[in-house]
Amino acid sequence: MTWVVCSDRFDWGAIDTAVETHTEWCRNPVLPDDCSDLEGLAGCAEDLDLDLVAHRHRIAGIDPFGTPIVALDRVDRQSPRRVRTRLKAASSRAVHYRGVAAGNVKTILPRVRSRRSFLTIGGPAYRVVPDADPARCRATDGCTICVDACPHGALEWTSGVIRKDRLACEACGRCVAACPADAMVHPTFTPDQLHAEMLALARCCTEPFGVALNCSRGEPTAQAEGWFTLQVPCVGMVPPHWMIALLLYGAAAVVVPGCSCGVEADAEERIEATVDLARRWLASAGVDRGRERLARRTAPFPPGPLPPVEPPRPLFGACGAADVATMLGGIGVDDGAAPLGLVTISERCTGCGTCATACPTGALVSHTVDGGLSLMFDPARCPGCGRCVARCPEDGSISVRRTVQPVELGAGTRAVATHRLALCVGCGNAIATQTALDRIAVPLAGDVSVLKRVTSLCIECRRTTMVF
Amino acid sequence: MIESRSTLSGADLARLRQACYRLLAAGYRPPSAGGAEEVVFGMEALEDMGLGRFAFAAALRRWVSALADADRAAAGEEQVRLFGSGMDGAVCPPIESQCVGNNRAGDPARHAARLQRLMRRAGFAVRHPEWPLDHLLVELELASALCRREAEAWESDADAATWLEQERELVGVMAAWVPGLATTVEARDRVGVLTALTRASADYVLHDHDVIRLLLERGSS
């Protein structure tokens, strides 16, 4: 596999990677006749026109989003080792690219700038936007978490399906971070891709290294020696556990700069709150110098990085928050923006199971065992979305606290409510939980025959059996 | 072949879109001798018109390539099985009211009335009444005809927005049901040509829906 590279500003002889060098390639990004051997493209950040590169890909019949493209800046070009690391990271990330569907492509036509440009239409450009994977999406159960998270009104819940307006979507990625089922997929920022890139960085860097987050919609920022950029849809979408995950992968420090794209007005506020939560989370786990480990601008690395781990699964997916909390340990932290939740059920619960039906992740499940009904809760799967609270017909019987509690996660799945099932005197099948029957006995107390009928017979037997 | 990122005139773009709709419509016609060759020639013409710059080009190329490589007899048989009518009806007919409608709620009539209204407004009439009005072939041909009128409007400095509005109405509905048809066909197709055809149709219709909206936005800005 060969990289096609621009040789204007860098001597590729020092790199032990197969490259096909071209002079002035960035200004005229030609692709090889046979692209089956093409591993990726690398050019100079100053000259590379990514839209033109994508256009050339389409003309050649190649998916432009599937080829890794590395724009090398001044700092990169000073160190062959750094260039090699960047190529390796981009290549590892590209391995996990699974293609872009039509629903993930937003068409952009150039703006009308003159009378002439009104009458003509420039070549279209395309941007990748997230879209719901119907196989994973829980919209059929009424889940609208992504719709609520979208700041642009691009998502709409209609009859159990999430409809997307691609033109309204700005690809901020907030729906991706919010979805507790990993159903909202951004094809060029999947958890697997970010995982592979971070693993490659950690393996290639023999010296301590830092990671700087960068908005993919903004201008790329040059990094100091020892720092690498991790492109995310927008820094404002990054949840706290992603920031900590980067430290767990082996980064000595993470820079969370301000949002460089500036598309969403509340991005800065979100970043501030998320960094604050992530630092408190680190402090609760006994990690010192959290302010330097999660810095707002590039600074010298703090000593003693966290022991790096090689997580078996991506820490950027739906289970990432629980995995990060378990790996980090500590006493935990409460916060309204915490990525996990803890459900508490009070005495008022009647065991109707509505909360389990509403739960978009299966964190709450109702089980019938040995004549009883148990509500099982898995804290690792609870995103703290509060759907269960909103749907519960008994006010105040269920509550959710947004929190990260490693001890609770360690305890695993457990029963949060158990109810005895009342059995039908006719057929022996379950009627309902005894608590529910006790509850309806109060309003029906004046009508003994109805009460007896309802509390002693199941629905089927009520049609055929009389009770006196 | 157009390789640079040079601009297209509004009329050129409308002609290209017209040709794409016609090419796709040809895929839904009953199998005939020379039909596949016509599609291959049509694709070559589209490439000359600058198809390669658009994101949906890859899907169209996949379909035409699958059609050119396929065993004609097997592909024709599969088309009749999936799209044609048999003893129990077609497996997945490319008809809007059968894909998204409810017969008891009177959806076929509603779909037909909507399309008839659209056709009358544009001054078109169906020449082959054997096709249901909401058959994808008819809808694609109608979209193609609307694009032709739009191209003529661009060329004569008339108001192209009128035609774009009608295209939006038609293509908006197609964008709502054709992707679902593609998924259904993908699950049932044994040969692969119709999977590629419906996927290309879905990709193109979604793309064109966005392009029409963008063109209308440009006009109103």
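Just so it is clear, the model here is predicted, and its values are computed rather than measured. (Residues numbered from 1 in each chain as written. Chains lettered and ligands numbered in written order. Predicted model: local features only at pLDDT ≥ 70, side-chain atom pairs only at ≥ 80, totals over all residues. Heavy atoms only, no water.)

1. Quick look at the overall build of chain B
In step 1: A tally of helices and strands in chain B yields nine helices and one strand.
In step 2: For chain B, the succession of helices and strands along the chain, N to C, is β-α-α-α-α-α-α-α-α-α.
In step 3: What you see for chain B is a C-alpha radius of gyration of 17 Å, in line with the 17 Å of a compact globule of 221 residues.
In step 4: Its C-alpha atoms give chain B principal-axis dimensions of roughly 50 × 45 × 30 Å.
In step 5: Taking contacts inside chain B between residues at least 6 apart in sequence as the whole, the part at least 24 apart equals 72%.
In step 6: Mean positive and mean negative side-chain charge positions of chain B (25 and 32 charges, respectively) differ by 4 Å. (Helix = DSSP H or I, 4+ residues; strand = E, 2+ residues; numbered from the N terminus. Rg over C-alpha atoms; globule rule 2.2 N^0.38 Å. Contact = heavy atoms within 4.5 Å. Lys, Arg positive; Asp, Glu negative; His and termini not counted. Charge placed at Lys NZ, Arg CZ, Asp CG, Glu CD.)

2. Quick notes on the overall build of chain A
In step 1: Regarding its fold elements, chain A presents 17 helices and 22 strands.
In step 2: Summarising its shape, the C-alpha atoms of chain A cover approximately 95 × 60 × 40 Å along the three principal directions.
In step 3: Here chain A holds 468 residues, and the buried ones make up 51% of them.
In step 4: Here the analysis covers contacts within chain A between residues at least 6 apart in sequence; of these, 66% occur between residues at least 24 apart.
In step 5: Across chain A, the 49 positively charged side chains and the 50 negatively charged ones have centroids separated by 4 Å. (Buried < 20%, exposed > 50% of the residue type's maximum accessible area, 1.4 Å probe, protein only.)

3. Topic: the state of the cysteines
Residues and elements named next belong to chain A.
In step 1: Overall, the coordinates contain zero disulfides over all chains when judged by the stated rule.
In step 2: This cysteine, C424, is not joined by any disulfide, and C461 carries the nearest cysteine sulfur, 3.7 Å off.
In step 3: Take C424: its relative accessible area is 5%, and that puts it in the buried class. (Disulfide = S-S within 2.5 Å.)

4. Re the side chain of H135(B)
In step 1: Mapped onto the elements, H135(B) comes out in the loop between α6 (107-122) and α7 (136-155).
In step 2: Excluding its chain neighbours within four sequence positions, the residues that come into contact with H135(B) are P94(B) and I95(B).

5. Side note on the packing of α6(B) against helix α8 (residues 160-188) of chain B
Residue and element names in this part refer to chain B.
In step 1: One way to put it is that α6 packs onto α8 with a least axis distance of 11 Å and a crossing angle of 160°. With respect to α8, the element α6 is oriented roughly antiparallel. With respect to the hand of their crossing, α6 and α8 are arranged in left-handed fashion. Listed contacts from α8 to R114, L115, L118, R121 and A122 of α6 are W163, Q166, E169, L170 and V173. (Axes fitted to C-alpha atoms, helices over the stretch in contact; angles between N-to-C directions. Parallel < 35°, antiparallel > 145°, perpendicular 65-115°, else oblique. Left-handed = near helix turned anticlockwise from the far one by under 90°.)

6. So, helix α3 (residues 57-69) of chain B
In step 1: When the terminal C-alpha atoms of α3(B) are compared, their 18 Å separation across 13 residues agrees well with the 18 Å that a helix rising 1.5 Å per residue should span.
In step 2: All of the buried residues along α3(B) are A57(B), A59(B), L60(B), R61(B), W63(B), V64(B) and L67(B). (Expected span 1.5 Å × (residues − 1).)

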